[in-house]
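# Coordinates in review
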Amino acid sequence: MSIAVYPGSFDPITCGHLDIIKRSSRMFDEVIVAVLNNSSKRPLFSAVERVRLIEKSIAGLPNCRAMYFDGLLVDFVKQQGASVVIKGLRAISDFEYEFQMALLNKKLNPDIETLFMVTNANYSYISSSIVKEIADLGGNFADLLPSEIYEEVKQKIEKGR
Ligand code: PNS
C-alpha cells in the first residue's frame, strides 16, 4: 500500500493546497495531510482548528485524512508507514527552501523520498499568509479558500480584528 504525507502549516488550507491533495490522492492509495510546526511561523489557527479545516475541505476524498504531529516530519512519516513526502512548488522562490528541507530530511532518513509537484497555474499566487492579509484588510478572499471553510475563516479573522 502506497502512503504519502503532505506536510505543512496549513494556516489555513488554501485552494492551492487542496489542488495538490486532490492530485496526490490519484497517485497514492492514501494521502495523510500533516499539520506540523514550522518554528519560524506563529500560526493564527490552533493545530486542532487547522486539522478540522482540512477535514472539512477533504471530506469528498475518501483516501485522504488529516493529522497533527508535534515533532520531526521524518519521524511522523515513518510512524505512519509512509515513504513519500509531497511538496508543492509555486515558483522558483519556493525551491531554495524546499530543496534544503528535502536534503535535510533525506539526511535524517535516507528511506524517505520527497516528491515535488508543480502547483496549478491558477493557484500559483496563493499563500496562507496572503489570504490572511487580504481577509484582515477586508478584501474578498472567497475564491482563494475551499468553499467549505470560507465562513469559519472569515469569522475567525473578523473576531481577531
Ligand atoms: O507550510 P510550511 O510552513 O512551509 O511547512 C513547513 C513544515 C511544517 C513542513 C516544516 O517546517 C516541517 O517539516 N516541520 C516539522 C519539523 C521538522 O521536521 N523540521 C525539520 C525540517 S528539515
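These notes cover the structure that comes with them. (Residues numbered from 1 in each chain as written. Predicted model: local features only at pLDDT ≥ 70, side-chain atom pairs only at ≥ 80, totals over all residues. Heavy atoms only, no water.)

All right, on to the sheet that holds strand E4 (residues 84–89) then. Here we have five strands laid out as an open sheet, ordered E3-E2-E1-E4-E5, and parallel in their pairing. What marks the edges here is a single partner per strand, and that holds for strand E3 (64–69) and strand E5 (113–118). Sheet twist, expressed as the mean angle between neighbouring strand axes with direction ignored, is 30°. Strand direction decides the pairing type here: strand E2 (residues 30–36) and E3, joined by six bridges, are parallel. Looking at the pairing, Val35 lines up with Tyr68 of E3. The sheet contacts of helix H2 (residues 47–57) involve E2 and E3, and relative to E3 the element is tilted by about 175°. (Pairing = 2+ DSSP bridges. Helix = DSSP H or I, 4+ residues; strand = E, 2+ residues; numbered from the N terminus. Axes fitted to C-alpha atoms, helices over the stretch in contact; angles between N-to-C directions. Contact = heavy atoms within 4.5 Å.)

Counted according to the given criterion, the structure contains five aromatic pairs. Ring centres 5.2 Å apart and planes at 45° place the aromatic pair Phe69 and Phe76 in the tilted group. Judged by relative accessible area, which is 0%, Phe76 ranks as buried. Arranged with centres 5.1 Å apart and planes meeting at 20°, the rings of Phe95 and Phe99 form a pair that is stacked. (Phe/Tyr/Trp six-rings, centres within 6.5 Å; stacked < 30°, edge-to-face > 60°. Buried < 20%, exposed > 50% of the residue type's maximum accessible area, 1.4 Å probe, protein only.)

A few words on the side chain of Asn38. Note that Asn38 resides in the loop between E2 and H2. What makes Asn38 buried here is its relative accessible area of 19%. A distance of 2.8 Å separates polar atoms of two side chains, one belonging to Asn38 and the other to Ser40. In contact with Asn38, not counting residues within four places along its chain, are Ser9 and Tyr97. (Polar contact = N/O pair within 3.5 Å; in protein donor to acceptor, adjacent residues only side chain to side chain.)

What follows deals with the state of the cysteines. What the rule picks out here adds up to zero disulfides. Free cysteine: Cys15, not disulfide-bonded; nearest cysteine sulfur from Cys64 at 16 Å. Of the residues examined, Cys15 reaches a relative accessible area of 13% and is grouped as buried. We classify Cys64 as buried; its relative accessible area is 9%. (Disulfide = S-S within 2.5 Å.)

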